[in-house]
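Coordinate inspection notes
One-letter residues, chain by chain:
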Amino acid sequence: MRNLHSIFMTITIVISSLLIISNYLTIRTTSAIRGYINGESYYSKGNKDASKDLILYIQSEDESYYQSFLENIKIPVGDSIARVAMESNGSLDVIKKGLIQGNNHPDDLDNLIWLFQNFRRVIFMKNAIQVWEEADVMVGNLYEEGQSFHIRIKTRSLSDEEKKTIIAKVNAMSLALAEKGIEFAAVLGDSSRKISALLFYVNVVLIFLIVGGVGRYAFIFIKKLSSSNELRNQIMN
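These lines cover the structure that appears in this document, whether it is placed above or below. Because the structure is a prediction, the values reported are computed rather than measured.

What counts, and at which threshold
Residues numbered from 1 in each chain as written. Predicted model: local features only at pLDDT ≥ 70, side-chain atom pairs only at ≥ 80, totals over all residues. Heavy atoms only, no water. Buried < 20%, exposed > 50% of the residue type's maximum accessible area, 1.4 Å probe, protein only. Helix = DSSP H or I, 4+ residues; strand = E, 2+ residues; numbered from the N terminus. Arc of directions from axis to C-beta. Contact = heavy atoms within 4.5 Å. Polar contact = N/O pair within 3.5 Å; in protein donor to acceptor, adjacent residues only side chain to side chain. Patch = residues over 30% accessible without salt bridge, like charges linked within 9 Å, V, L, I, M, F, W, Y side chains within 5 Å. Areas by Shrake-Rupley, 256 points an atom, 1.4 Å probe, with all protein chains shown as cover. Salt bridge = Lys/Arg side-chain N within 4 Å of Asp/Glu carboxyl O. Axes fitted to C-alpha atoms, helices over the stretch in contact; angles between N-to-C directions. Parallel < 35°, antiparallel > 145°, perpendicular 65-115°, else oblique. Left-handed = near helix turned anticlockwise from the far one by under 90°. Nonpolar A, V, L, I, M, F, W, Y, C, P; charged D, E, K, R; others polar.

Bringing helix α3 (residues 92-101) into the picture now. Along α3, the positions that sit buried rather than exposed are I95, G98 and L99. For α3, the buried positions fall inside an angular range of 95° around the axis, keeping them on one side. The inward-facing, buried residues of α3 contact α2 (63-87) and α4 (109-119). The N-capping residue of α3, defined by a side-chain oxygen 3.2 Å from the backbone nitrogen of D93, is S91. Count one or two residues on from α3 and you reach N103, which has phi positive near 70°.

Further remarks concern a nonpolar patch on the surface. Taken together, the side chains of V14, L18 and I21 define a hydrophobic patch exposed on the protein surface, amounting to about 250 Å² of accessible area. Looking at the secondary structure, you find L18 in helix α1 (residues 2-60). Under the relative-accessibility criterion, L18 is labelled partly exposed at 42%.

Across the interface, α4 lies against helix α5 (residues 123-155) with an axial gap of 9 Å and an inter-helix angle of 110°. As the angle between them shows, α4 and α5 are arranged roughly perpendicular. Between α4 and α5 the crossing geometry is left-handed. On α5, the residues touching L115, F116 and F119 of α4 are F124, M125, K126, I129 and W132. In the contact of α4 with α5, the residues fall into seven nonpolar, no polar and one charged.

Here we come to the packing of α3 against α4. Where α3 contacts α4, the axes come no closer than 11 Å and their chain directions differ by 115°. Crossing angle aside, the handedness with which α3 passes α4 is right-handed. Here L92, I95, K96, L99 and I100 of α3 lie close against α4, whose contacting residues are L109, D110, L112 and I113. Along the lines of polarity and charge, the residues of the contact of α3 with α4 split into seven nonpolar, no polar and two charged.

From the geometry alone we can't say anything about function, so treat these as descriptive.
Structure (structure tokens):
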């Protein structure tokens, strides 16, 4: 009976530990994905505002709009710096500074880094990183175009026709970036639902194993106790 009790306790502890780990992974993973989706909203807003400022600069040739463009585009550039550093196992300080520059909440940083480092080769995160990388290339192009337009305007005034062509180009780049933002959020949102569902079923299975184990142990204990009582009654009679 003592051996049975020891085996039961060991199994229960192992299953309970797995349940705790499963719940921990559920909470941390969904929290990190939520952080990335929130961060994407700032990333997209930075791109949108930077594009708007660049268009206003081209139209008015007012230097203040160009400076505002540089300030707003720093937000997605910060996220890009963080991604590159995480992919190359770079300095934690560089990663965190990049994420902060991207307007990510300080409380989310550890979870964002943890999810990237531990799930970067898992299909859902791999797809999201691919979209992120493609968006970063577009951000780089927008920044370079902004610098080029700035130099041209500083050299000479642009004609109305030139301005129309440039504005159309900036609008197209802005729309393409917005689509990448939607795609990134959709990939992570879908992944969050799938991960939550998977870990929910894991939790249910583990709980059933614990309940089933307790029930099985109780049944064996009652059966042995009953047999012991019957044996004692036979001896007494």
